[in-house]
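Examining the three-dimensional arrangement
Given next are the chains, with one letter for each unit.
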Amino acid sequence: MATNHLQITGMAPLLYAWLAVVSNTLSVNGAGTTAIALPERSVEVSLSPNCTCAQFCNSTCAATNVGSPETVIMYRLTPLNVTELAEKDTGDAAGDLGFLLMTLQKLVTCTPEQANTDECFLAFEPTIRQYFVETNGKYGPFMRCNPLQFPGNTDMMHVDTRSWGCFPWHGHPPTPWVPSSRSTSCPDMQYCPELMNKTVGRDPAMHHAFDPSRPNLATYFGGLWYSVPSQGKCPEGTAPGQSCSWRLQPGKTGKVVNASCMAKRIMVPIELNGKPCYDECPQPLDRTSDCYFGCLDKAVFGSTAHGVTIPPVNKFTVIDLWNKAFASETPSTGGCPNIEDAYAMRDQE
């Protein structure tokens, strides 16, 4: 397995296998913890429709504080060199699918020189990793898990993908986080660091349900996002319960696929649905063009622009293609090859 390392040069062509195809035609082939009030907030994030962060901290949130152990299949769009699950954000199939679409333009426009920037680190040989995760079923607020600044560097633009932390706000402060005057993601401004740093976070993608009046690619597919803090990881031989919140399922290894392969699979029905818009582009399927990405929202959400009606894409069809890509190795059945072994062999050379 590849190890986490710093990579500045040598970025592979971004999503090369998918972008190489340019065509004018398309076909389908802890109890009692005291909550701490913070003075600011910057975004509206809901732990659940019927639960506040204060209720989570006080163990009175039935939706999260009372749960049974379960196995969750999580996915993560991630650079090749970032393999660990701890201190990372993930999603279920629908959640990570939406995140991939939301991030797609960055993946195709970032340059090798931007490989260690906050905007473009995901574009370094992007893969999608699958994890089988046992949790205790007691979920907390979703945390934003990001790579940290380089030690001693105050430049917030560049990040070190060898070091990660999970926080209740966007940014890269020291880890583990502690309450401060900085803005928080809990609408009620209540946090309990000791408990939350040990709890798997769970929230709807982008922290709210899909709103047709303000459509968003991440929310359209109705998925979930998870945050997986390192302090909640169970010791070897210990199952999730009261003392720890998660572990990788013993004996079960997830698959790793190229993001390029996945994009090629899931974009088939989206491009077909949005064909009236794409056909107006100078090069309809130049998947690096502003025109192409200008049509993406219309192809997913639907549109009545220019007198042509485009219906919303069937989200279940797209989610099914995501699942097929992981279920099979065979391209003719919608599968994507498992690239984990190939990369492991490369690193040993």
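Above: the structure in question.
Calculation notes
Residues numbered from 1 in each chain as written. Predicted model: local features only at pLDDT ≥ 70, side-chain atom pairs only at ≥ 80, totals over all residues. Heavy atoms only, no water. Helix = DSSP H or I, 4+ residues; strand = E, 2+ residues; numbered from the N terminus. Buried < 20%, exposed > 50% of the residue type's maximum accessible area, 1.4 Å probe, protein only. Areas by Shrake-Rupley, 256 points an atom, 1.4 Å probe, with all protein chains shown as cover. Axes fitted to C-alpha atoms, helices over the stretch in contact; angles between N-to-C directions. Parallel < 35°, antiparallel > 145°, perpendicular 65-115°, else oblique. Contact = heavy atoms within 4.5 Å. Phe/Tyr/Trp six-rings, centres within 6.5 Å; stacked < 30°, edge-to-face > 60°. Salt bridge = Lys/Arg side-chain N within 4 Å of Asp/Glu carboxyl O. Core = buried A, V, L, I, M, F, W, Y, C linked by side-chain atoms within 4.5 Å. Expected span 1.5 Å × (residues − 1). Arc of directions from axis to C-beta. Polar contact = N/O pair within 3.5 Å; in protein donor to acceptor, adjacent residues only side chain to side chain. Nonpolar A, V, L, I, M, F, W, Y, C, P; charged D, E, K, R; others polar. Disulfide = S-S within 2.5 Å. Pairing = 2+ DSSP bridges.

**Let's talk about the overall build of the protein chain**
Counting its regular elements, the protein chain contains 11 helices and 11 strands. Burial status across the protein chain gives 52% buried among its 349 residues. Carbon and sulfur atoms provide 54% of the accessible area of the protein chain, an area that totals close to 15800 Å².

**Describing the packing of helix α4 (residues 93-109) against helix α10 (residues 315-327)**
Orientation of α4 relative to α10, taken along the N-to-C sense of each, is 100°, at an axis distance of 10 Å. On the basis of the axis angle, α4 is roughly perpendicular to α10. Between α4, through A93, A94, D96, L97 and L100, and α10, the contact on the second element is made entirely by V318, I319, W322 and N323.

**Focus on the environment of A239**
By the secondary structure assignment, A239 is in the loop between β9 (224-228) and β10 (246-248). In this structure A239 comes out as partly exposed when scored by relative accessible area, which is 43%.

**Things to note about the side chain of N273**
Within the element layout of this structure, N273 appears in helix α7 (residues 259-273). Filtering out sequence-adjacent residues up to four positions away, N273 remains in contact with A299, I310, P311, P312 and V313.

**Focus on the packing of aromatic side chains**
Evaluated as defined, the whole model comprises 13 aromatic pairs. For the ring pair F210 and Y220, a centre distance of 5.3 Å and an interplane angle of 85° mean the geometry is edge-to-face. Highlighted residues: F210 in the loop between β8 (201-204) and α6 (217-220) and Y220 in helix α6, separated in sequence by 10 residues. Classification of Y220 by relative accessible area gives buried; the value is 10%.

**Notes on the pattern of salt bridges**
Inspection of every chain in the model, using the stated rule, returns 7 salt bridges. One salt bridge in this structure joins D160 and R162, with 2.9 Å as the shortest N-O distance. When its relative accessible area of 4% is taken as the criterion, D160 is described as buried. Under the relative-accessibility criterion, R162 is labelled partly exposed at 45%. D320 is the partner of K324 in a salt bridge, and the nearest nitrogen-oxygen pair spans 3.4 Å. Of this pair, K324 and D320 both sit in helix α10, separated by 4 residues, roughly a single helical turn.

**So, the nonpolar core**
By size, the foremost hydrophobic cluster in this structure holds 49 residues, and its most contacted members are I128, I270 and W322. Those elements giving two or more residues to this core turn out to be β2 (70-79), α4, α6, α7, α8 (275-278), α9 (290-301) and α10. The dominant element in this core, judged by the number of residues it contributes, is α4, at 8 residues. In this view, I128 contacts Y75, R76, L77, D96, L100, K255, V256, V257, A259, M262, W322 and F326; residues no more than four positions away in its chain are not counted.

**A word on α10**
For α10, built from 13 residues, the straight-helix expectation of 18 Å at 1.5 Å per residue is met to within 8% by its first-to-last C-alpha distance of 18 Å. Looking only at α10, the buried set comprises V318, I319, W322, A325 and F326. One side of α10 holds all its buried residues, which, seen down the axis, span an arc of 115°. Those residues of α10 that are exposed and aimed more than 90 degrees away from the buried face are F316 and A327. Here the buried face of α10 lies against β2, α4, β4 (126-135), β11 (256-258) and α7. The backbone nitrogen of F316 lies 2.9 Å from a side-chain oxygen of the residue at the head of α10, namely N314.

**What to know about the packing of α4 against α7**
Axis angle and axis distance: for two packed helices, these are the angle between their axes and the distance between the axes, and together they describe the pair. Taken N-terminus to C-terminus, the directions of α4 and α7 make an angle of 90°; their axes are 12 Å apart at the nearest point. It follows that α4 is roughly perpendicular to α7 by the angle criterion. When α4 is examined against α7, the residues L97, L100, L101 and L104 are found in contact with a partner set consisting of M262, A263, I266, M267 and I270. Residues that form the contact of α4 with α7 fall into these classes: 9 nonpolar, no polar and no charged.

**Quick notes on the state of the cysteines**
Disulfides are covalent bonds that link the sulfur atoms of two cysteine residues. In the structure shown here, the tally under the stated rule is 7 disulfides. The disulfide that involves C234 links it to C244, with 2.1 Å between the sulfurs. On the sign convention where negative means left-handed, the S-S torsion of about 95° between C234 and C244 marks this disulfide as right-handed. Highlighted residues: C234 in the loop between β9 and β10 and C244 in the loop between β9 and β10, separated in sequence by 10 residues. Under the relative-accessibility criterion, C234 is labelled buried at 8%.

**Quick look at the pairing of strand β6 (residues 160-167)**
Of all 8 residues that make up β6, 6 are buried, and the element is covered over most of its length. Sheet topology note: the strand β5 (residues 144-148)/β6 ladder contains 5 bridges and is antiparallel. Within the sheet, the bridge partner assigned to N146 lies in β6 and is G165.

**Notes on unusual backbone geometry**
Only a minority of non-glycine residues have a phi that is not negative, and only a minority of peptide bonds are not trans. A positive phi angle, close to 65°, is found at E87, a residue other than glycine. On the secondary structure map, E87 appears in the loop between β2 and β3 (88-91). With a phi close to 40°, E125 is a non-glycine residue in the positive phi region. Within the element layout of this structure, E125 appears in the loop between α4 and β4.

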